[in-house]
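What follows is each chain in one-letter form.
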Amino acid sequence: MKSKLPLLIVVLLLSLPVFPQAGVGIYRFLDLPVSSRMSALGSDNISLRDNDLNFSFLNPALLTSETNGEIGMNYSNYLSDIQFGSAIYGHNFDNKNYAAIGIQYVDLGKFDGRNEIDVQTGTFTAKDMALYVIYARPLNKHFTVGGTFKPIFSAYERYSSAGVAMDAGISYTDSTGLFSAGLVLRNAGFQLKTYRNDEDGRHNEPLPFDVQIGLSKKFSHAPFRFSLTLNNLNRWNLSYQSTNQLLTTQNNIKFVDMAFRHAVFGVEFVPSNNFYLAAGYNHRRHQEMTVEGFKSMAGFSFGGGIKLYKFHVGFGMSEFQTGIASYMFSINTSLSEFSKL
């Protein structure tokens, strides 16, 4: 019975009600990168399995026996002085039950409130936060399954909302440890409290449900690792409406372009466990952020990390427009490092 428990958890997670996707949704902060390394790899990676605790934010099955006692803290100075970050701690109960608890937040800053006749009404703030309770269990030496329970709270001025989301994931690693893959169903859930009510009562909005598949491959005789993550597999059409001088048009995206908008590419140079350089390309971000007539590195991201004393320090940069980039910093350590003193 115990061996069937993880499979039962995954089945229950997959059976949760999921609202239809309409191209928009609430709690979009859940799609922000959770660490500097994730930011450098294009913001999405669910397959890379090398005991980085932060990756369990996106795929709970990436918890391992080595993430016990790990602590991760991440911070980003985002666009327009928006700040967001995350923190996570891993704890294993035995050699087959892995767990972690984390928090993800975004602070949109302080705003000046004005009424319909442009009279100042004071200031207000806007914040989002999600708590992550993560569990994983290995099925055998190749497969691990996991699930995440996420209570969510959001407050914009006098409007607030609460919800709950769950993730279900599976991770595969081959015998050499050079190839790994992942499958995740993210953000299956619903609102418990809506931002507003309409004439029909509660105005429910969909969560950003996302089905993802990822692959990572490291060469045996070269210090390089390549990753491919496919996202939004539950929704092919990622087109959007654009407004120009009060004229709203629907963007017509060709098949090949649309296919690549579902893909995020990452590459790492990893000569040792104590140092890495990373780069990523997010085609959807590039296409949506590029402005005609301007050269831009939108969609490209870069970063690196190094171990200093008992801490792993990381930095990531994501380009959005010419001269407009987001920077993220991470610091990770393990309690076992200090127990050696």
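Preceding block: the structure.
Residues numbered from 1 in each chain as written. Predicted model: local features only at pLDDT ≥ 70, side-chain atom pairs only at ≥ 80, totals over all residues. Heavy atoms only, no water.

A. Expanded view of the overall build of the protein. Along its length, the protein carries 5 helices and 18 strands. Expressed as a percentage of its 341 residues, the buried residues of the protein come to 45%. Within the protein, residue pairs in contact and separated by at least 24 positions form 55% of the contacts whose partners lie at least 6 positions apart. (Helix = DSSP H or I, 4+ residues; strand = E, 2+ residues; numbered from the N terminus. Buried < 20%, exposed > 50% of the residue type's maximum accessible area, 1.4 Å probe, protein only. Contact = heavy atoms within 4.5 Å.)

B. Inspection of the side chain of R235 at higher detail. Its location among the elements puts R235 in the loop between β11 (224–230) and β12 (241–244). In this structure, R235 is buried with no salt-bridge partner, the nearest side chain bearing the opposite charge being D210 at 7.4 Å. Looking at R235, its side chain comes within polar contact range of the main-chain oxygen of N237, at 3.4 Å. (Lys, Arg positive; Asp, Glu negative; His and termini not counted. Salt bridge = Lys/Arg side-chain N within 4 Å of Asp/Glu carboxyl O. Polar contact = N/O pair within 3.5 Å; in protein donor to acceptor, adjacent residues only side chain to side chain.)

C. The arrangement of the pattern of salt bridges in detail. One pass over the structure, following the stated rule, counts 13 salt bridges. The partner of R186 in a salt bridge is D31, with the nearest N and O atoms 3.9 Å apart. Of the two residues, R186 is situated in strand β7 (residues 179–193) and D31 in the loop between α1 (5–14) and α2 (36–40); the sequence distance between them amounts to 155 residues. Taking relative accessible area as the criterion, R186 reaches 2% and is therefore assigned buried. R225 is paired through a salt bridge with E268; the nearest N and O atoms lie 3.1 Å apart.

D. Inspection of the environment of D94 at higher detail. Along the chain, D94 falls in strand β2 (residues 83–94). Owing to a relative accessible area of 37%, D94 belongs among the partly exposed residues under this scheme. For the pair D94 and S65, spaced 29 residues apart in sequence, the C-alpha to C-alpha distance is 8.6 Å. In terms of polar contacts, D94 uses its side chain to reach the backbone amide nitrogen of K96, at 2.8 Å.

E. Structural context of a nonpolar patch on the surface. Together, Y89, I101, I103, M129, L131, V133, F149, F153 and L335 make up an exposed nonpolar region whose accessible area comes to about 730 Å². Going through the elements one at a time, β3 (97–114), β4 (120–138) and β5 (143–156) are the ones with two or more residues in the nonpolar patch. The biggest single contributor to the nonpolar patch is β4, with 3 residues. Mapping V133 onto the fold places it in strand β4. (Patch = residues over 30% accessible without salt bridge, like charges linked within 9 Å, V, L, I, M, F, W, Y side chains within 5 Å. Areas by Shrake-Rupley, 256 points an atom, 1.4 Å probe, with all protein chains shown as cover.)

F. Inspection of unusual backbone geometry at higher detail. Of note, D118 is a non-glycine position whose phi angle comes to about 65°, a positive value. Judged by relative accessible area, D118 falls into the exposed class, the value being 52%. The backbone of N232 sits at a positive phi, close to 50°, despite the residue not being glycine. Note that N232 resides in the loop between β11 and β12. Among the residues examined, N232 registers a relative accessible area of 10% and is labelled buried.

G. Focus on the packing of aromatic side chains. As enumerated under the stated definition, the model contains 13 aromatic pairs in all. A centroid spacing of 4.8 Å and a plane angle of 90° characterise the contact between F57 and Y132, whose relative ring orientation is edge-to-face. In this pair, F57 is assigned in the loop between α2 and β1 (70–77) and Y132 in strand β4, connecting sequence segments 75 residues apart. Accessibility expressed as a relative area gives 0% for F57, which makes it buried. Seen in terms of ring centroids, W236 and F255 are 5.2 Å apart; in terms of plane orientation they differ by 35°. Their pairing is tilted. One end of the pair, W236, is in the loop between β11 and β12; the other, F255, is in helix α3 (residues 255–260), with 19 residues separating them in the sequence. Relative accessible area serves as the criterion here: at 42%, W236 is assigned to the partly exposed category. Under the relative-accessibility criterion, F255 is labelled exposed at 62%. (Phe/Tyr/Trp six-rings, centres within 6.5 Å; stacked < 30°, edge-to-face > 60°.)

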